[in-house]
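Residue-level listing of the chains:
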Amino acid sequence: MSLPESKPFLISKHSVLEAWKRVKANQGAAGIDEESIQDFEHKLKDNLYRIWNRMSSGSYLPPPVKTVAIPKTGGGERKLGIPTVADRVAQMVVKMHLEPKVEPLFHPDSYGYRPFKSAHDAVGQARKRCWKYDWVLDLDIKGFFDNIPHELLMRAVRKHAPEKWVVLYVERWLKAPAQNEQGQLTTREKGTPQGGVVSPLLANLFLHYGFDAWMARKYPSIPFERYADDAIVHCRTKKEAESLREAIILRMAECGLELNLQKTKIVYCQDADRRGTHEHEKFTFLGYEFRPRRARNHRGKYFVSFLPAISDKAAKAIREEIRGWKLQLRSDKSLEDLARMFNPILRGWMQYYGKYYRSMLHPVFRPLNRRLVRWACRKYKKLRDHQRRATHWLRRISIRSAQLWAHWQIGVKVAI
């Protein structure tokens, strides 16, 4: 009779299967091996057994992370790391084990990549506090994900993960080289790749000690909201904000990080009751721009309040994507076909950016109506070279069938 297989690390096969289910639900692109989710699933049993066997025996070695350059809306590029599907499953096993241990410790005003918390929660809390506090310190950490010191991060991991296999694999993932689109390998001595399954949890753990717990200990009366490395702090006076900025610069240096002083700014939350002018009277947080805006009270009277709405950068990015759809060239499609193709994207934008001050979405989506008019002019002979007639035609449809296009449902009218 053969003895049961002995492994140095106790990792259940069930946890590997559950990790796979979560990775599959999240989808995602292929890594350096070009193996997709569908390819991995073709030999699912063998692939999952291989991951479990190697992780349990301590022989699992992460492959290089595929690095893809993603353009930023404000210019420049962000490096996104894409692990292989198998590596994402392995990372998910560790995340599922570590997250329940550290999640209860995290600060209530840390919102990024956490269960039951969202960007809308962070924006909503910031909105309320901007009414209460006159000043905001808008923080920008220079290259946060690329510059996290491994030694400090591993100290935090060891504190909360007594299991040797968790520490072993986190350390290996941090050191896994990056492979660019030309196939060149780069060793990593600091940082954790954006795009890794376990990276957001590690980032939150690092900033819990580097920022959240430090703020709660040193400045318990000063509130903040943090979403990953994007953070704002609310202050009573400009002097308090200036003093706190200097303290945070020193704290970041202690943690091996650096504030981007060109992007870090002190903002005055001006409204109808706050007088004077200041250098900065607006800031952007999670795609929302906070600034003085007209509002209406419960009596119907208008006044100026400090409120969030879709930022100019986000609006510009949406308009550019809509331009890229080239609707005027899709004359082989019906209006209903186009609506089915693009409504899911429109609804996603509306659900996120329409949470606060939804009327600011109207100028963002009006160009879409103009493009639909141009599409109609190309598709129908009777409307060709008659843009005004095409506009009337589309307007009648938008009134009769307002449910057809998602942006019509929030009152984005076809202008005559």
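What you are looking at is a predicted structure, and each value in this text was computed from that prediction instead of being measured.

(A) Structural view of the overall build of the chain. The secondary structure content of the chain amounts to 14 helices and 11 strands. Across its three principal axes, the chain shows a C-alpha extent of roughly 85 × 60 × 40 Å. Summarising the internal contacts of the chain: among those between residues at least 6 apart in sequence, 67% fall at separations of at least 24. Put simply, the chain has 76 plus and 44 minus side-chain charges, and the middle of one group is 8 Å from the middle of the other.

(B) Here's a closer look at the packing of aromatic side chains. Within the structure shown, the criterion is met by 22 aromatic pairs. Both rings, one in Tyr113 and one in Tyr227, keep their centres 5.7 Å apart while their planes meet at 50°; by these two values the pair is tilted. In this pair, Tyr113 sits in the loop between helix 4 (85-102) and helix 5 (119-132) while Tyr227 sits in strand 6 (residues 224-227), placing the two residues 114 residues apart along the sequence. You can call Tyr113 partly exposed: its relative accessible area is 45%. Among the aromatic side chains, those forming a connected cluster through ring pairs are Tyr288, Tyr352, Tyr353 and Tyr356.

(C) Region of interest: helix 1 (residues 13-26). Between its first and last C-alpha, helix 1 extends 20 Å over 14 residues, near the 20 Å set by a 1.5 Å rise per residue. Looking only at helix 1, the buried set comprises Ser15, Val16, Ala19, Trp20 and Val23. Seen from one end, helix 1 has its buried residues packed into an arc of 145°, which puts them on one side. Seen from the buried face of helix 1, the exposed residues on the opposite side, beyond 90 degrees, are His14 and Ala25.

(D) Layout of the packing of helix 11 (residues 312-324) against helix 12 (residues 335-353). At their nearest, the axes of helix 11 and helix 12 sit 12 Å apart, and the two run at 175° to each other. In terms of orientation, helix 11 lies roughly antiparallel with respect to helix 12. Within the contact between the two elements, helix 11 uses Ala314, Ile318, Glu321 and Ile322 and helix 12 uses Ile345, Trp349 and Tyr353.

(E) Geometry of the nonpolar core. Core analysis: the biggest nonpolar cluster contains 69 residues, and Met55 and Val233 have the highest contact counts within it. The leading source of residues in this core is helix 4, at 10 residues. Discounting chain neighbours no more than four positions away, the residues touching Met55 are Phe9, Ile11, Tyr60, Ala90, Val93, Val94, Trp165 and Tyr169. Counting 36 residues, the second-largest nonpolar core is a separate cluster that includes Ile318, Leu327, Trp393 and Ala406.

(F) Summary view of the pattern of salt bridges. By the definition in use, this model includes 18 salt bridges. Note that Arg245 is salt-bridged to Glu246, the shortest N-O span being 3.6 Å. Given a relative accessible area of 42%, Glu246 falls into the partly exposed group. Here Lys333 and Asp332 are joined by a salt bridge, their closest N and O atoms 3.1 Å apart.

(G) Representation of unusual backbone geometry within the structure. Phi angles above zero are rare outside glycine, and Phe116 is one such case at about 65°. Even without a glycine there, the phi angle at Ala228 is positive, about 55°. Residue Ala228 is classed as buried on the basis of its relative accessible area of 6%.

(H) Expanded view of the layout of surface pockets. Reported here for the second largest pocket is a volume of approximately 400 Å³. Looking at the lining of the second largest pocket, the elements that each hand over two or more residues are helix 1, strand 2 (77-82) and helix 4. Looking at which element gives the most residues to the lining of the second largest pocket, the answer is helix 4, with 5 residues. Per-class residue counts for the lining of the second largest pocket are 8 nonpolar, 6 polar and 4 charged.

(I) Structural detail: the sheet that holds strand 1 (residues 65-71). Taken together, 4 strands build an open sheet; the order of strands is 2-1-4-5 and the sheet is mixed. Only two strands of the sheet have a single neighbouring strand rather than two, namely strand 2 and strand 5 (185-186). In this sheet, strand 2 lies alongside strand 1 in antiparallel orientation, the contact comprising 6 bridges. Its bridge partner being in strand 2, Pro71 is matched across the sheet by Glu77.

(J) View of the sheet that holds strand 10 (residues 288-296). With respect to topology, 3 strands assemble into an open sheet ordered 9-10-11, the strand pairing being antiparallel. Of all strands in the sheet, those bounded by a partner on one side alone are strand 9 (283-285) and strand 11 (302-310). Neighbouring strand axes in the sheet, compared pairwise and without regard to direction, differ in orientation by 50° on average. For strand 9 and strand 10, the ladder comprises 3 bridges, and the chain directions are antiparallel. Residue Thr284 lies in a different strand from strand 10, and its bridge partner there is Glu289. On top of the sheet, helix 5 reaches strand 9, strand 10 and strand 11; it is set at about 155° to strand 11, its chief contact.

(K) How the structure looks around the pairing of strand 6. Alternating positions in strand 6 separate into two faces, Phe224 and Arg226 on one and Glu225 and Tyr227 on the other, with burial throughout. Where strand 6 meets strand 7 (residues 230-235), 4 bridges bridge the pair, whose relative direction is antiparallel. Along strand 7, the bridge assignment pairs Arg226 with Ala231. Adjacent in sequence and paired antiparallel, strand 6 and strand 7 are bridged by 2 residues, among which Ala228 carries a positive phi angle near 55°.

(L) Broad picture of the side chain of Asn204. Structurally, Asn204 is set in helix 9 (residues 199-218). The class of Asn204 is buried, set by a relative accessible area of 2%. In this structure the side chain of Asn204 is engaged in a polar contact, spanning 3.1 Å, whose partner is the side chain of Arg226. If we skip the residues at most four places from it in the chain, Asn204 touches Phe106, Ser110, Gly112, Tyr113, Arg114, Arg226 and Ala228.

Definitions and cut-offs
Residues numbered from 1 in each chain as written. Predicted model: local features only at pLDDT ≥ 70, side-chain atom pairs only at ≥ 80, totals over all residues. Heavy atoms only, no water. Helix = DSSP H or I, 4+ residues; strand = E, 2+ residues; numbered from the N terminus. Contact = heavy atoms within 4.5 Å. Lys, Arg positive; Asp, Glu negative; His and termini not counted. Charge placed at Lys NZ, Arg CZ, Asp CG, Glu CD. Phe/Tyr/Trp six-rings, centres within 6.5 Å; stacked < 30°, edge-to-face > 60°. Buried < 20%, exposed > 50% of the residue type's maximum accessible area, 1.4 Å probe, protein only. Expected span 1.5 Å × (residues − 1). Arc of directions from axis to C-beta. Axes fitted to C-alpha atoms, helices over the stretch in contact; angles between N-to-C directions. Parallel < 35°, antiparallel > 145°, perpendicular 65-115°, else oblique. Core = buried A, V, L, I, M, F, W, Y, C linked by side-chain atoms within 4.5 Å. Salt bridge = Lys/Arg side-chain N within 4 Å of Asp/Glu carboxyl O. 1 Å grid on protein atoms, 1.4 Å probe; cavity = no way out; pocket = protein on both sides within 12 Å on 5 of 7 lines; lining within 4 Å. Points joined across faces, edges and corners; volume = space filled by probe spheres on them. Nonpolar A, V, L, I, M, F, W, Y, C, P; charged D, E, K, R; others polar. Pairing = 2+ DSSP bridges. Polar contact = N/O pair within 3.5 Å; in protein donor to acceptor, adjacent residues only side chain to side chain.

Note that every value here comes from positions in space, so none of it alone points to a role or purpose.
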